[in-house]
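Below, each chain spelled out in residue letters.
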Number of protein chains: 2
Amino acid sequence: MRYRIGLDVSGGDHAPEEIIKGALLAREEVEADIVLIGVKEEIEEEASRQKIDLHSLFDVVDAPERIEMDAAPALSVRRQRRSSIVIGHKLIKEGKLDAFVSCGNTGAMVCAATLSLGLIEGVERPGIAISLPTKQGVSLLMDVGANIGPKPLHLLQYGVMASVYSQIVFDKPNPSIGLLNIGEEASKGSDFSKNVHRMFTASALNFSGNLEAKRMFQGASDCIICDGLIGNIALKVSEGCVEVMAQFTKDIIKKDPLAMIGSLLMKRTFSKLKKKLDYAEYGGAPLLGVDGISIIAHGSSNSRAVKNAVKVAAKELNRNINKEIKRKIDEVCQDSRIREMLTV
Amino acid sequence: MRYRIGLDVSGGDHAPEEIIKGALLAREEVEADIVLIGVKEEIEEEASRQKIDLHSLFDVVDAPERIEMDAAPALSVRRQRRSSIVIGHKLIKEGKLDAFVSCGNTGAMVCAATLSLGLIEGVERPGIAISLPTKQGVSLLMDVGANIGPKPLHLLQYGVMASVYSQIVFDKPNPSIGLLNIGEEASKGSDFSKNVHRMFTASALNFSGNLEAKRMFQGASDCIICDGLIGNIALKVSEGCVEVMAQFTKDIIKKDPLAMIGSLLMKRTFSKLKKKLDYAEYGGAPLLGVDGISIIAHGSSNSRAVKNAVKVAAKELNRNINKEIKRKIDEVCQDSRIREMLTV
């Protein structure tokens, strides 16, 4: 059976152009049918602009409404029933799609996925995971914004899901899990982090203890777990930091002719660096815990990022990630030491 | 009257060498007597190594014990009464010093300062502020780790203190205050952040609303307020990010001879960039709210960073920052709208 992966053509800063280009790239690398979901006329117009024979390449599903990037998530999901984000998830629920990928409104994605698909049995909250480039390769940071007031159990479950994802998507045999915190010792951080630390320590997971934010990019842990507020801030700070460094460098070069020549010679270095830092490279941010495959790609995704997100969706499907998450959640949460902690 | 500023010679990764070099630099730029506090023999040995006439330049106070960088803060402050960090703050309390600067254990600094000096009348909790380079110049981030479980009132007071510091140290006439959060709208974030947002909005402060982490380095707000856990993580992520970018760049250059030549031509650019990103440049991190001047410089401070921290201490003294903090805390916290919120 060939999988059917839905792709949101209405969402993202570079929609529809880069989305359709990404779909074309994905078609060549992924063994799956790609279903374009968006405003039909817009898709057709863009296809003719790109001179492609749309209907021989893709199925198209009309979604005449559009959830804007900055719209209030819950409200728009409730009201805009004919938007790509709502339709995409509904089609998964109805068995007409196997996965959905969107560069659109993150909050609306979380909301629509949770409402339409529900959660994997045993999972308490969904979370967004994101891949970070590190000195050792790549680490997964979770949660980066789905759950800003979590309980310790939610974070334990994020540890389970992140580790299953790292196994399946990054082929890491026994991923280590670190807890993002203010210091390395078990006694560091808030009461909340201490509770989470205790729970991870008691679990059967490969827990490597607290991880100081400074070491996040050193690849000290394969999975980095934190609440959604902290994860979001960690992610956005790193984005802002890269941007401002590029800006500062440009400003300095402008005043120095020698450096200007130097920067020309380093042009390839900078583009390689940009590629390495670009987490779109690693395939978007899966929303883990929902009972279906839903992937949130960055709003500024280009065609390559779109392609990579579709590839990850296909990998998750091929390896049946959600079945594995369910199995592992059962195993970890049914452990008597964890159950004891939950009844206290 | 000449101020007397104490400098911890025992604390920091490059102690005692860079500390004493920093003291020499500070002596030339600051109108104050510098008192070196540390293990006496060690100070004398280092001075003779640097071939300086120690006792004609500085007063020396013997502090034979040493609080290590990774020691448990409260415990070591209680037990190591003859350490530089404990003695430095005790001398302020006794009126024998006007300020104390250390590159040592941050937690021990917070602990010793709070115990010895107490808090400025009206202030509920001390906080650590740090200066960040931005596209517009410099912004102050507070708190970066003194208070990891704050109440909304603490953050309001951090807003007051950060804004007074920006006025006095950075000569900003009416500093704007942003709340570091997951999104810009008032409705974003946890219940805690919503309460803080309401309190700032009701206050007489120049509040510019929520600030997304991505915009932290754009200079959108002069003061960036958050709880100590988030602030610490934001700070450490940015440090880690700069470090990993430098590492990635080096790795790429190694494999590309043209880029190697380019990087030589850009050597000055990189050192300027490093200087711009180095927050030590901006004078260490003041511990605001304690009833005295206590400045925590980065553990890895070099002589220039030490000098800048001493300069900031002198500026705080000249402008009597704590008197101004007290006045402004009274004004903001006695406001009927704020008092109403606190009694609810």
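Residues numbered from 1 in each chain as written. Chains lettered and ligands numbered in written order. Predicted model: local features only at pLDDT ≥ 70, side-chain atom pairs only at ≥ 80, totals over all residues. Heavy atoms only, no water.

### Details of the packing of helix α1 (residues 17–29) of chain B against helix α12 (residues 303–318) of chain B
Residues and elements named next belong to chain B. The interhelical angle for the contact between α1 and α12, taken along N-to-C directions, is 45 degrees, at an axis separation of 7 Å. In terms of orientation, α1 lies oblique with respect to α12. The two elements α1 and α12 meet at a crossing, and its hand is right-handed. Residues Glu18, Ile19, Lys21, Gly22, Ala23, Leu25, Ala26 and Glu29 of α1 form the contact with α12, whose participating residues are Ser303, Arg304, Val306, Lys307, Val310 and Lys311. The residue inventory of the contact of α1 with α12, partitioned by class, reads six nonpolar, two polar and six charged. (Axes fitted to C-alpha atoms, helices over the stretch in contact; angles between N-to-C directions. Helix = DSSP H or I, 4+ residues; strand = E, 2+ residues; numbered from the N terminus. Parallel < 35°, antiparallel > 145°, perpendicular 65-115°, else oblique. Left-handed = near helix turned anticlockwise from the far one by under 90°. Contact = heavy atoms within 4.5 Å. Nonpolar A, V, L, I, M, F, W, Y, C, P; charged D, E, K, R; others polar.)

### A few points about helix α8 (residues 191–202) of chain A
The end-to-end C-alpha distance of α8 of chain A is 17 Å, a good match for the 16 Å that 12 residues give at a rise of 1.5 Å each. Where α8 of chain A is buried, its residues contact α7 (152–170), β7 (177–181), β8 (207–212), β9 (223–225) and α14 (336–343) of chain A. (Expected span 1.5 Å × (residues − 1).)

### Let's talk about the nonpolar core
Core analysis: the largest hydrophobic core is formed by 98 residues, its most contacted members being Leu141 and Leu180 of chain A together with Leu180 of chain B. What leucine 180 of chain A contacts, discounting residues up to four positions off in sequence, is Leu141, Leu211, Glu212, Ala213, Met216, Ile224, Ile225, Cys226, Ile230 and Ala234 of chain A together with Ile233 of chain B. Counting residues in hydrophobic clusters, the runner-up holds 66 residues, among them Ile19, Tyr165, Ala309 and Ile321 of chain B. (Core = buried A, V, L, I, M, F, W, Y, C linked by side-chain atoms within 4.5 Å. Buried < 20%, exposed > 50% of the residue type's maximum accessible area, 1.4 Å probe, protein only.)

### Notes on the state of the cysteines
All names here are of chain A. Tallied over the entire structure, the rule returns zero disulfides over all chains. With no disulfide partner, cysteine 103 has as its closest neighbouring cysteine sulfur the one in cysteine 111, 19 Å distant. Residue class for cysteine 103 comes out buried when judged on its relative accessible area of 1%. (Disulfide = S-S within 2.5 Å.)

### A few points about the domain arrangement of chain A
Residues and elements named next belong to chain A. The domains assigned to chain A are domain 1 (3–123 + 289–319) and domain 2 (127–278). The interface of domain 1 with domain 2 comprises 12 residues on the first partner and 11 residues on the second. Carbon and sulfur atoms make up 58% of the area that domain 1 and domain 2 hide from each other, which totals about 1000 Å². Looking at the side of domain 1 facing domain 2, the largest losses of area belong to Arg304, Lys315 and Arg319, adding up to 40% of the total buried there. Our count for the domain 1 to domain 2 interface comes out at two salt bridges. (Domains from an automatic or database assignment. Buried area = accessible area lost by both parts, 1.4 Å probe. Salt bridge = Lys/Arg side-chain N within 4 Å of Asp/Glu carboxyl O.)

### Things to note about the relation of the copies chain A and chain B
The operation relating the two chain copies consists of a rotation about an axis and a shift along that axis. Relative to chain B, chain A is turned by 180 degrees and slid 0.0 Å along the rotation axis, the superposed coordinates differing by an RMSD of 0.0 Å. Taken together, the rotation angle and the small translation identify this as a two-fold axis. Identified as the residue of chain A closest to the rotation axis by C-alpha distance is glycine 262 of chain A, at 1.9 Å. Most of the interface of chain A is mirrored in chain B: 98% of its interface residues are interface residues there too. (Least-squares fit on C-alpha atoms with pLDDT ≥ 70 in both.)

### What to know about the pairing of strand β6 (residues 137–142) of chain B
Residue and element names in this part refer to chain B. Within β6, five of the six residues are buried, leaving the element largely enclosed by the surrounding structure. Hairpin connection from strand β5 (residues 127–134) to β6: two residues lie between these consecutive antiparallel strands. Taken together, the three bridges between β6 and strand β9 (residues 223–225) define a ladder with parallel strand orientation. Following the sheet pairing, leucine 140 is matched in β9 by cysteine 223. (Pairing = 2+ DSSP bridges.)

### Side note on the packing of helix α7 (residues 152–170) of chain B against α12 of chain B
Residue and element names in this part refer to chain B. Running from N to C, α7 and α12 cross one another at 105 degrees; their axes reach a closest spacing of 9 Å. Classified by the angle between their axes, α7 and α12 sit roughly perpendicular to one another. Where α7 abuts α12, its residues Tyr165, Ile168 and Val169 lie against Val312, Lys315 and Glu316. Among the residues forming the contact of α7 with α12, the class breakdown is four nonpolar, no polar and two charged.

### A word on the sheet that holds strand β5 (residues 127–134) of chain A
All names here are of chain A. The 11 strands are arranged β3-β2-β1-β4-β11-β10-β5-β6-β9-β7-β8 in an open sheet whose pairing can be described as mixed. Each edge of the open sheet carries a strand with a single partner, namely β3 (59–62) and β8. For this sheet, the mean inter-axis angle between neighbouring strands, taken without regard to orientation, is 30 degrees. Sheet contacts for helix α12 (residues 303–318): β1 (3–8), β2 (32–38), β4 (99–102), β10 (285–288) and β11 (293–296); angle to β1, the most-contacted strand, approximately 145 degrees.

### Quick look at the sheet that holds strand β4 (residues 99–102) of chain B
Residues and elements named next belong to chain B. On the basis of which strands lie adjacent, the open sheet formed by 11 strands has the order β3-β2-β1-β4-β11-β10-β5-β6-β9-β7-β8 and mixed pairing. Strands at the two margins of the open sheet, each flanked by one partner only, are β3 (59–62) and β8 (207–212). Between one strand axis and the next, the sheet turns through 30 degrees on average, direction left out of account. Relative to the sheet, helix α6 (residues 106–117) contacts β4, β5, β10 (285–288) and β11 (293–296), its axis offset from that of β11 by approximately 170 degrees.

### A closer look at the interface of chain A and chain B
Across the boundary between the two partners, chain A contributes 53 residues, which contact 53 residues of chain B. Between chain A and chain B, roughly 5000 Å² of surface is buried when both sides are summed, and carbon and sulfur atoms account for 77% of that area. The tally of links from chain A across to chain B stands at eight salt bridges. Counting across the chain A and chain B interface gives 10 residue pairs in polar contact (both at pLDDT 80 or more). Where the side of chain A that touches chain B is concerned, the elements lending two or more residues are β5, β7, α9 (228–254), α10 (257–265) and α11 (267–277) of chain A. (Polar contact = N/O pair within 3.5 Å; in protein donor to acceptor, adjacent residues only side chain to side chain.)

### Structural notes on the environment of glutamate 29 of chain B
Residues and elements named next belong to chain B. Here glutamate 29 shows up in helix α1. By relative accessible area, which is 44% here, glutamate 29 ends up partly exposed. Discounting chain neighbours no more than four positions away, the residues touching glutamate 29 are Lys307 and Lys311. Polar side-chain contacts of glutamate 29 include one of 2.9 Å to the side chain of lysine 311.

### Concerning the pairing of strand β2 (residues 32–38) of chain B
Residue and element names in this part refer to chain B. Counting buried residues along β2, six of its seven residues qualify, which places the element largely inside the surrounding structure. In the sheet, strand β1 (residues 3–8) pairs with β2 via six bridges, with the strands oriented parallel. Looking at β2, one finds that tyrosine 3 is bridged to alanine 32. Of the strand pairs in this sheet, β2 and β3 are connected by four bridges, and their pairing is parallel. Bridged to glycine 38 within β3 is aspartate 62.

### Remarks on the environment of glycine 299 of chain A
Residues and elements named next belong to chain A. Along the chain, glycine 299 falls in the loop between β11 and α12. The buried category is assigned to glycine 299, whose relative accessible area is 16%. Once the C-alpha coordinates of glycine 299 and glycine 11 are considered, the two residues, 288 residues apart in sequence, prove to be 7.4 Å apart.

### Focus on unusual backbone geometry
Cis geometry is adopted by the peptide bond preceding aspartate 143 of chain A, which originates at methionine 142 of chain A and carries an omega value of 5 degrees. With respect to the helices and strands, aspartate 143 of chain A occurs in the loop between β6 (137–142) and α7. Looking along the chain, the bond that leaves alanine 15 of chain B and enters proline 16 of chain B is cis, with omega of -5 degrees. Mapping proline 16 of chain B onto the fold places it in the loop between β1 and α1. The phi dihedral of lysine 51 of chain A falls on the positive side, at around 55 degrees, and the residue is not glycine. Its place among the elements puts lysine 51 of chain A in the loop between α2 (40–49) and α3 (54–57). In this structure lysine 51 of chain A comes out as exposed when scored by relative accessible area, which is 74%.

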